[in-house]
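Geometric and topological summary
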Amino acid sequence: RRCVQETDQRRVHGDIAMAEKLARIFGTEEDKVNCPFYYKIGACRHGDRCTRLHNKPLLSQTIIIPHMYENPPAAVAFSEGTKVPEEALKEAVRHFEDFYEEVFIEMCKYGELEEMSVCDNVGDHLMGNVYAKYYREEDAKSALTALNGRYYAGRIIHCEYSPVTDFHVARCRQYDDGTCTRGGYCNYMHLKHVSRTFKKSLFRQMYDDFPEYRRRRGQQVLIQLAPVLLTEVQQIYNSNFHCQSF
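Residues numbered from 1 in each chain as written. Predicted model: local features only at pLDDT ≥ 70, side-chain atom pairs only at ≥ 80, totals over all residues. Heavy atoms only, no water.

**Points about helix H4 (residues 86-107)**
We apply this condition: Each helix corresponds to a stretch of at least 4 residues labelled H or I by DSSP, and each strand to a stretch of at least 2 residues labelled E; elements are numbered beginning at the N terminus. A helix's residues, less one, multiplied by 1.5 Å, set its expected span. The rule is simple: take the accessible area with a 1.4 Å probe, protein chains only, and divide by the maximum for that residue type; under 20% is buried, over 50% is exposed, in between is partly exposed. Note that the arc is computed from the directions linking the helix axis to the C-beta atoms.
With 22 residues, H4 extends 31 Å from end C-alpha to end C-alpha; this agrees with the ideal 32 Å at 1.5 Å per step. Of all the residues in H4, the buried ones are Ala92, Phe96, Phe99, Tyr100, Val103, Phe104, Glu106 and Met107. Looking straight down H4, one finds its buried side chains confined to an arc of 155°; they lie on one side. Seen from the open side of H4, the exposed residues pointing more than 90 degrees away from its buried face are Glu86, Glu87 and Asp98.

Okay, here's the thing in structure tokens:
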């Protein structure tokens, strides 16, 4: 009986160790089952031909609209390292900002946006991808339901949930530093630049148009803090009661 118990314990410890290893390597290069690129950036250059699994989330804070933004030729040439006239670049920036503002305002109708990003890559799996991250999963669901099947610029919109919730992991840090040698075909996100002033003005407009978003998030914070505050009050009360008893 003792030998059986020891065997069972070893088996349990082995299962726990295996589970911990699988959890540690999930979505990394060591993971031979799940695609690390799809997990990190919500897209894979191999598409359906990938030998690893693309675990598409059933629900997420982030939705993706693949290939929604069409870069002007000047922007594509610039991303590939070609020298482009300054006036053409300025026109490309205006083109993008008009697009970004239009889509941002539309996305806000379905809930409070936390972040919206557009890929500047020229690889087929990332080109023109728009990622919209909401504070609440139910708002992302509302956006996905409302946008799927609609048309933008004469093309039908196909929305889906994205596993990306941390754009710091998904984006190419070398691109941000200006040192990426892979250019527009890099497999990590090259996110189009949005000036801080422009982005602030859009978020300000969102809260002006939908003041309930700010109030709702404030209420959620209070709900999350309530148990902590209650515990602290109880501790203070118990401490005072203990002092008075002496």
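**A few points about the sheet that holds strand E1 (residues 62-65)**
Note the threshold: When DSSP finds at least two bridges between two strands, those strands are taken to pair. Helix axes are fitted only over the stretch in contact, all axes being lines through C-alpha atoms; the angle between N-to-C directions runs from 0 to 180 degrees. Should any heavy atoms of two residues lie within 4.5 Å, those residues are considered in contact.
Spatially, 4 strands are ordered E2-E3-E1-E6 in an open sheet, and the strand pairing comes out antiparallel. Edge positions in the sheet fall to strand E2 (113-118) and strand E6 (160-162), since each of these pairs with one other strand and no more. On average, each strand axis in the sheet is tilted by 30° relative to the strand beside it, whichever way the strands run. Strand direction decides the pairing type here: E1 and E6, joined by 3 bridges, are antiparallel. Bridge assignment links Ile64 to a residue of E6, and that residue is Glu160. H4 contacts E1, E2 and strand E3 (130-134) of the sheet and is inclined by roughly 145° relative to E2.

**As for the pattern of salt bridges**
This is how it is decided: Think of a salt bridge as a Lys or Arg side-chain nitrogen and an Asp or Glu carboxyl oxygen that are within 4 Å of each other.
Taken as a whole, this structure holds 12 salt bridges when the rule is applied. Asp139 serves as the salt-bridge partner of Arg216, at 3.3 Å between the closest nitrogen and oxygen. In this pair, Arg216 sits in helix H9 (residues 211-245) while Asp139 sits in helix H5 (residues 137-147), placing the two residues 77 residues apart along the sequence. By relative accessible area, which is 5% here, Asp139 ends up buried. By sharing partners, the salt bridges in this structure join Arg136, Glu138, Asp139 and Arg216 into a single network.

**Examining the packing of H4 against helix H8 (residues 196-209)**
For clarity, the cut-off: Here roughly perpendicular refers to angles of 65 to 115 degrees, roughly parallel to angles under 35, roughly antiparallel to angles over 145, and oblique to all remaining angles. A clockwise turn of the near helix away from the far one marks a right-handed crossing, whereas an anticlockwise turn of less than a right angle marks a left-handed crossing. Residues are grouped as follows: Ala, Val, Leu, Ile, Met, Phe, Trp, Tyr, Cys and Pro are nonpolar; Asp, Glu, Lys and Arg are charged; every other residue, Gly included, is polar.
Interhelical geometry of H4 versus H8 gives an angle of 25° and a closest axis separation of 11 Å. For the element pair H4 / H8, the angle class is roughly parallel. The crossing of H4 and H8 is right-handed. The segment H4 lies against H8, with Glu97, Tyr100, Glu101, Phe104 and Ile105 engaging Phe198, Lys199, Leu202, Phe203, Gln205 and Met206. Tallied by class, the residues present in the contact of H4 with H8 amount to 7 nonpolar, 1 polar and 3 charged.

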